[in-house]
Amino acid sequence: MDSNQFKDLVARAERQAEADPRGYLLRVCGIAALGLGILGVVIGLALVNLALIAGLLLLVIITGGKALLLFLKLGKLLVLLALPVWAMLRATFTLLCARFPPLVGREIGSDEAPALFARLAALRERIAGPRVHRVLLTDELNAAIVQRPRLGIFGWSENTLILGLRLLQAVSEDEAMAVVAHEYGHLAGNHGRFAGFIYRFRSAWGRLQAMSEQWSDWGSRLIARLFRWYAPRFNAYTFALARQNEYLADRTSAELVGAGQAADALMRVGIAARYESEGFWPAIQRRIAREPEPPAGRSLLWRQRQREGLDAEARQRYLDAAQREATDPFDTHPALVDRLAALGACADPAAAQRLAPPVTSAAEAWFGSLLPVLSAEFDRRWCDEVSGEWKERHEHLGRLVARIAELDAARAAAGLTREERWEYLCAVEETDPESDLMPLLEEVLRDEPDHLLALFRRGRVRLERGDEGGIADLEQVIAADASATLPASELIWRFFRQRGEEGDAARAEFWQQRWLARSQYEQAITAEFAHLPADATLAPHELDAELVQAVCEILRSSPQHIRQAFLLRRVLKADPTRHDYVLCFETPRFTLGDKGPAVVKRLATLHWPLPFYIVHLGSGPFRRFRKTIRRLGVAPLAIAQAQ
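In this numbering scheme, every chain counts its residues from 1 along its sequence in written order. For a predicted model such as this one, the threshold for reporting local features is a pLDDT of at least 70, and the threshold for listing and counting side-chain atom pairs is 80 or more; totals across whole chains, interfaces and linings nevertheless cover every residue. Only heavy atoms go into the side-chain values, all of them from the structure, while hydrogens and water stay out.

**Q** Could you give an account of the overall build of the protein chain, naming the residues involved and the relevant values?
**A** A count of helices and strands for the protein chain gives 26 helices and eight strands. Here the analysis covers contacts within the protein chain between residues at least 6 apart in sequence; of these, 74% occur between residues at least 24 apart. Note on areas: Shrake-Rupley, 1.4 Å probe, and residue coverage restricted to the protein chains presented here. Accessible surface for the protein chain amounts to roughly 33000 Å². Of this, 57% is attributable to carbon and sulfur atoms. Strands are runs of DSSP state E lasting at least two residues, helices are runs of H or I lasting at least four, and both sets are numbered from the N terminus onward. Should any heavy atoms of two residues lie within 4.5 Å, those residues are considered in contact.

Right, here's the structure in full:
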């Protein structure tokens, strides 16, 4: 299912949910029953296969081995029957016995955070929901509750609460409980048992589909193909219910900790997320040029930087940006402005004033003296992970700074060439991302108005400054180079989505659709380039004589078992203007054994002047290429020594 089909199905389901809520729930029940039926069929096939094998073994034992003689007489028929049975058995066992990937994080015991576990116990008692079996702490600005079956598809679920340390350092204890209550509301099915089941079933099917992508044998691929058909349709049709559940989980949070705390938690997390991406991490990146090692106290730095950088003006700016964003049609989570409205709250200036970083964070309240130890663990792990790249980047930036000094001297003395001007601009942008690039960009574009990279950067800078004129720059780049469609469309979509003026939602939708269309096109092209099917569209190669001569010389240098060879162009079905090349060869008519695979392997190790597929015209899938070659009148390559 492509993105447009998914979006159309989601829109249709949302209209049905609004017009006929009861009918929509009945349809959701039906499609969920279909999913259970698919799983039942898979399990049933496994049991049938097991019963068949057990019956055959029992028959051999009962007859004292006489049945085995019958099986030996059947010979080939038995093998033909056994192969698909074995493949299906293996596929079903792959599904039934596979374990979901383990969750990653630092497990927190009740003795390490008694205040946290006391709050969780009280929360469970009020909702009468299931038990949280484990609490994992991660190095993230996030929180979630994951229900993971211990026995694969058979169930016996383990409920794990995942808490991000950076999130707990950014919110108060009550706000953290509002976040936990939201997640626990999903788990407990507080918005209805059926809705809770669908929420968990959506998550389970997502994991099953992701897991099936790793299966390689043909029997498992049949099941994976069925999963890939069902899972996105189930996801799309239950999308409206999942979005409703987000509102209901917010309501659960409001009932447990108060609407004010629930709304403040939403705003606080939104502010922290924007500060993290726009303030904290860019500041860390800027330290690379000055420091050869990553900072050891990053967790402490995160807490300190919030207190210093998140003043009332910054909080208001981040809230204003969040309020301008509309709900993403591909995200079950509604936009902040819609979630606040459902709680009867708004991100007004009073909210920005009261949302100063808490005096005591949830991390401090729950972990106490253990917090420095936990922070040190995560900081040490992060330093180990990024240390190598950090050092390489530090050395690279040092070389760029030295090069900027050289170019500055040359600029003062005799001026820079066009190539040097562009090199200078790129070096300044990389070493000092906050510098004003516009004068340098204008200087480059004065001499080279069609410099696509400069146009793209100027368009991006204009949009970042709120100047809609940047769209013209980006459209000019797209017109000259269609491969720029994805990054340019994303920039323009983000500009309209965040600006929030009248008509911007429709314009954002236009650029989102343009991005989706190009993405689907590139996926189709990539998929077609990745393999050569037997029904490929072939044409004469139309290469220049020098390239063809170079190919012939290489073939002459390694002519063993090559009777003749042909060079063709493969035209893509997804886009007839795109193509690649195919080198086809024939082996001598009378040889001992099939020499084709060995020749393909040998030719693949040689250095060719252009990339192409190498195929043996005597192999099963590509025999039909012979007829195409004769129809096109393609002459064999001139490799006299191989005749």
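Having seen the structure, we can now continue with the description.
**Q** Describe the packing of helix H20 (residues 452–464) against helix H21 (residues 470–480), listing the residues and the values that go with them.
**A** Taken N-terminus to C-terminus, the directions of H20 and H21 make an angle of 150 degrees; their axes are 7 Å apart at the nearest point. Between H20 and H21, the interaxial angle falls into the category roughly antiparallel. For the element pair H20 and H21, the recorded crossing hand is left-handed. The segment H20 lies against H21, with Leu452, Leu455, Phe456, Arg458, Gly459, Arg460, Arg462 and Leu463 engaging Gly470, Ile471, Asp473, Leu474, Gln476, Val477 and Ala480. In this analysis, axes come from line fits to C-alpha atoms, helices being fitted only over the stretch in contact, and the angle between any two N-to-C directions falls in the range 0 to 180 degrees. Angle categories: roughly parallel below 35 degrees, roughly antiparallel above 145, roughly perpendicular from 65 to 115, and oblique for all the rest. We call a crossing left-handed when the near helix sits turned anticlockwise from the far one by less than a right angle, and right-handed when that turn is clockwise.

**Q** Could you give an account of the environment of Ala13, naming the residues involved and the relevant values?
**A** Considering the arrangement of structural elements, one finds Ala13 in helix H1 (residues 3–19). The rule is simple: take the accessible area with a 1.4 Å probe, protein chains only, and divide by the maximum for that residue type; under 20% is buried, over 50% is exposed, in between is partly exposed. According to the relative accessible area criterion, Ala13 is buried, its value standing at 0%. Sequence spacing of Ala13 and Ala240 is 227 residues, and the spatial spacing of their C-alpha atoms is 6.6 Å. If we ignore the near neighbours within four places in the chain, the residues touching Ala13 are Tyr24, Ala236, Tyr237 and Ala240.

**Q** Tell me about the pairing of strand E6 (residues 564–571), and please be specific about residues and values.
**A** Each regular strand shows side chains that alternate between the opposite faces of the sheet. Of all the eight residues making up E6, eight are buried; the element is thus mostly covered by neighbouring parts of the structure. What you see with E6 is no split at all: Gln564, Phe566, Leu568 and Arg570 on one side and Ala565, Leu567, Arg569 and Val571 on the other are buried throughout. Should DSSP find at least two bridges between two strands, the strands are taken to pair. Where strand E5 (residues 537–540) lies against E6, four bridges are found, and the strand directions are antiparallel. Along E6, the bridge assignment pairs Pro540 with Leu568. The pairing of E6 with strand E7 (residues 579–586) spans eight bridges and is classified as antiparallel. Across the sheet, residue Arg570 finds its bridge partner in E7, namely Asp580.

**Q** Now, about the environment of Ala283: what can you tell me, with residues and values included?
**A** Looking at where Ala283 falls in the secondary structure, it is placed in helix H11 (residues 259–286). On the basis of relative accessible area, Ala283 is assigned to the buried category, the value being 10%. As a C-alpha pair, Ala283 and Arg305 span 22 residues in sequence and 9.6 Å in three-dimensional space.

**Q** Requested: an account of the nonpolar core, with residues and values cited.
**A** Here the nonpolar core consists of buried residues drawn from Ala, Val, Leu, Ile, Met, Phe, Trp, Tyr and Cys, with membership extended through side-chain atoms lying within 4.5 Å. Ranked by size, the top nonpolar core spans 98 residues in total, and within it Leu137, Leu163, Leu168, Trp366 and Phe367 carry the most contacts. Among all residues touching Phe367, those that are not within four sequence positions of it are Ile108, Glu112, Ala113, Leu137, Leu168 and Leu374. With 24 residues, the next largest nonpolar core counts Ile38, Ile223, Tyr230 and Leu241 among its residues.

**Q** I'd like a rundown of the pairing of strand E8 (residues 613–616), residues and numbers included.
**A** As defined by bridge partners, E7 adjoins E8 across four bridges and the pair is classed as parallel. Within E8, the residue paired with Phe585 across the bridge is His616.

**Q** An account of the environment of Leu120 is needed here, citing residue identities and associated values.
**A** Mapping Leu120 onto the fold places it in helix H5 (residues 114–127). Looking at Leu120, the relative accessible area reads 9%, which means it is buried. Between the C-alpha atom of Leu120 and that of Arg131, which follows or precedes it by 11 residues, the distance is 9.1 Å. Dropping the residues within four chain positions of it, Leu120 is found in contact with Val135, Leu161 and Val180.

**Q** A description of H5 should follow, citing residues and the corresponding values.
**A** Take the number of residues in a helix, subtract one, and multiply by 1.5 Å to get its expected span. An ideal rise of 1.5 Å per residue puts 20 Å on 14 residues; H5 measures up with 20 Å between its terminal C-alpha atoms. Within the span of H5, buried status applies to Leu116, Leu120, Leu123 and Ile127. Buried residues in H5, looked at end-on, bunch into an arc of 60 degrees, giving them a common side. Facing away from the buried side of H5 by over 90 degrees, the exposed positions are Pro114, Glu125 and Arg126. Within two residues after H5, Ala128 carries a phi angle of roughly 60 degrees, on the positive side. Note: the arc covers the axis-to-C-beta directions of the helix.

**Q** Please set out the pattern of salt bridges residue by residue, giving values where relevant.
**A** Within this document, salt bridges are pairs made up of a side-chain nitrogen of Lys or Arg and a carboxyl oxygen of Asp or Glu, the two lying within 4 Å of each other. As enumerated under the stated definition, the model contains 43 salt bridges in all. Salt-bridge contacts for Arg287 lead to Glu291; the nearest nitrogen and oxygen are separated by 3.0 Å. Between Asp580 and Arg570 there is a salt bridge whose closest N-O contact spans 2.8 Å. One end of the pair, Asp580, is in strand E7; the other, Arg570, is in strand E6, and 10 residues separate them in sequence. Both residues of the pair, Asp580 and Arg570, belong to the buried class.

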